[in-house]
Structures are given as structure tokens and as C-alpha cells.
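# Inside the fold
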Amino acid sequence: MRERLFIITQYLLPQHLISRLAGCLANCTWAWVKNPFITWFVKRYDVDMREAEQTDPTAFACFNDFFTRALKPGARPLDPQADSILCPADGTISQLGKIEHGRIFQAKGQSFSVLELLGGHAEHAALFQGGEFATVYLSPKDYHRVHMPTGGTLTDMVYVPGKLFSVNQATAENVPELFARNERVVCLFDTSHGPMAVVLVGAMIVASVETVWAGLVAPPTRQLRSERYGQAAPALERGAEMGRFKLGSTAIVLFGPGHAAWDPAMCAGSAVSMGQALGKLLE
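Bear in mind that the values here come from a model prediction, so they are computed numbers and not experimental data. (Residues numbered from 1 in each chain as written. Predicted model: local features only at pLDDT ≥ 70, side-chain atom pairs only at ≥ 80, totals over all residues. Heavy atoms only, no water.)

## A few points about helix H3 (residues 31–45)
Over its 15 residues, H3 extends 21 Å from the first C-alpha to the last, a length consistent with the 21 Å expected when each residue adds 1.5 Å. In the stretch just after H3, aspartate 46 is the one whose phi turns positive, near 55°. (Helix = DSSP H or I, 4+ residues; strand = E, 2+ residues; numbered from the N terminus. Expected span 1.5 Å × (residues − 1).)

## Quick notes on the environment of glutamine 223
One can find glutamine 223 in the loop between strand S11 (215–218) and strand S12 (225–228). Not counting residues within four places of it along the chain, the set of residues in contact with glutamine 223 comprises Tyr159 and Pro161. (Contact = heavy atoms within 4.5 Å.)

## Focus: the UniProt feature "modified residue: Pyruvic acid (Ser)" (unreviewed entry) in the protein
Mapped onto the present numbering, the UniProt feature "modified residue: Pyruvic acid (Ser)" (unreviewed entry) falls on Ser249. When you line up the elements, serine 249 lands in the loop between strand S14 (241–246) and strand S15 (250–255). A relative accessible area of 0% means that serine 249 is categorised as buried. (UniProt positions renumbered as here; feature names shortened; annotations may be inferred. Buried < 20%, exposed > 50% of the residue type's maximum accessible area, 1.4 Å probe, protein only.)

## Let's talk about unusual backbone geometry
In terms of backbone geometry, most residues other than glycine have negative phi values and most peptide bonds are trans. At aspartate 46, a position not held by glycine, the phi torsion is positive, near 55°. Among the structural elements, aspartate 46 can be located in the loop between H3 and helix H4 (63–67). The backbone of histidine 101 sits at a positive phi, close to 55°, despite the residue not being glycine. Structurally, histidine 101 is set in the loop between strand S2 (91–98) and strand S3 (103–107).

## Some words on the pattern of salt bridges
A complete count under the given rule lists nine salt bridges for this structure. One salt bridge in this structure joins glutamate 241 and arginine 244, with 2.8 Å as the shortest N-O distance. Accessibility classification places glutamate 241 together with arginine 244 in one group, the buried group. Residues participating in the shared-partner salt-bridge network are Glu51, Arg76 and Asp90. (Salt bridge = Lys/Arg side-chain N within 4 Å of Asp/Glu carboxyl O.)

## A look at the UniProt feature "active site" (unreviewed entry) in the protein
What UniProt calls "active site" (unreviewed entry) maps, in this numbering, to Asp90, His147 and Ser249. Spanning 160 residues, the annotated positions come together in the fold, the maximum distance between their C-alpha atoms being 14.4 Å. For aspartate 90, the location among the structural elements is in the loop between strand S1 (84–86) and S2. If we skip the residues at most four places from it in the chain, aspartate 90 touches Arg76, Val136, Tyr137, Leu138, Asp142, Tyr143, Val272, Ser273 and Met274.

## Some points on the sheet that holds strand S18 (residues 277–281)
Strand order in the open sheet formed by three strands is S1-S18-S16, with antiparallel pairing between adjacent strands. This sheet does not close on itself; its edge strands, each paired only once, are S1 and strand S16 (260–262). If you compare each strand with its neighbour and ignore which way they point, the axes differ by 40° on average. Note that S1 and S18 share three bridges and pair antiparallel. Residue leucine 86 lies in a different strand from S18, and its bridge partner there is alanine 277. (Pairing = 2+ DSSP bridges. Axes fitted to C-alpha atoms, helices over the stretch in contact; angles between N-to-C directions.)

Now the structure itself:
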């Protein structure tokens, strides 16, 4: 019953208004507001500040700076094998596997369309038909910067407006096409192993999504927009930071057919860290 009420509430709440108000609070620099908030958050979610570059949580200018904190050098070593696919973020594997019939498995009884996930661009969706996907859920305590699973050159970025449902297991199991309904930023890359997409999915109280090349992408406007990059396209190295969430959500990685094989030990519920190997790149 509690789970059912939680899902119903998700539909009824003014998702964007709540998220924007949360964003205002997260950007507040008043010490009497942000310090108690950050201190409570660290205790509530058992955040390990020992691995952070700045270990004093109250030293950050605002909650968002704390939430997107940098880690100490070497805190997330990259898997040394050059052909390994790096996990893009700290978190938990929600699902991973093959893209079948143009759809991605979400949870028991639920799936979503690659075409819709990528903003309705048929030419983009065609690149990943029969390919592989991995969905990584970032919990509140996790490191919230997203890194490159392999090196690549950005070809397209698409901002897709949408809902802001929570992205926990309960909503994944009960909200149809959850990840293709929520607000998201689609980043497409050309790599030495074919096309790769990294999709940054927003959620309830996610105040914003940023990329290293465009800065703040969501939420300035709520209109679908695409940008194609030409000769000035940024090239990012394997393991380099590509974006960040201000409050947590989900990152989905896509590879084209025949270019990726996931580690058999990886499955739904596996705890993962940025930089560890999720699988291997194939020729």
C-alpha cells in the first residue's frame, strides 16, 4: 500500500516546481541555511567525506558545491585494461544487457523505447539497434560527477524535456517507460569502437544537469533542442569528466551492436564505482 501511495503521489505532485525550489535551496550560500542542511545530509546518507578533496562539508559555498564535490586524486582509479568499458559513475547497476527490438529493459514487466529515450531521432536510435545498454543509478550519498566509459568525440547533444519522477526501484517497476519520460540530456559520441551514447536522466528534486562543454543544460528551458558538433567538437579521454548532476539520478550508456560485452559478474543490484570495468570493448 505504501508503495502504491508513493507512485500515485509522484503523478500528483508538481514535479518541476518542487525541483526548482529544491534547486534554490541547494544554491543558497547563507551559512545558517546551507551548513545545517549539508551536515544533516552527510549524517542521513552516511556520506564518506574522507575521500573528498575538501573533507570539511561546511567549507563548501553551497549545498550544490558539496553535492558535486571533487574527490582526492586516485580515489577512483581507472581500470588499467585499455579495452575495458569504465563505469561512468558511482552507484548501483539498475539493469544492463542487450537492446532488443528497439527496447531497453527497465524492470520486471517494464521496458522503454530507444527512439524515445534519444529524443525521437530515428537516425540516432538506428545506431544502437541490437546493441548493448547499462543503466547506473546514483544514490544520494554517491559521487555525482559522470565520466567517459571510453574515449570519444562528441557528435550531438539533445536536451529532452519531460517529467521528473523519482528513479528508484519502486518507480522503475511501476512507472511505464520511466527513463524515456523523465527530463534528460543525450550525449552522442564517436569512438574507436563505434557509436556511444551517455544519457543523463533527471529525477525528482534534481535541480540541474551540466556538461563540461556546455555548462548548465537543464533546466533553463523546457523545449526539445538539439546541437550537432562539427570540427570544433570536444574530444574527451577515457575516464574524463563529462557532466554532473546537482542532486542524483541515473546515467544510461549505450553501445552499437557488436562493440561491447558486459562482465558476466555485473547484474541488477551490483554496487559499482566510477572507473571500474563494466565489460570489454569489441572490435
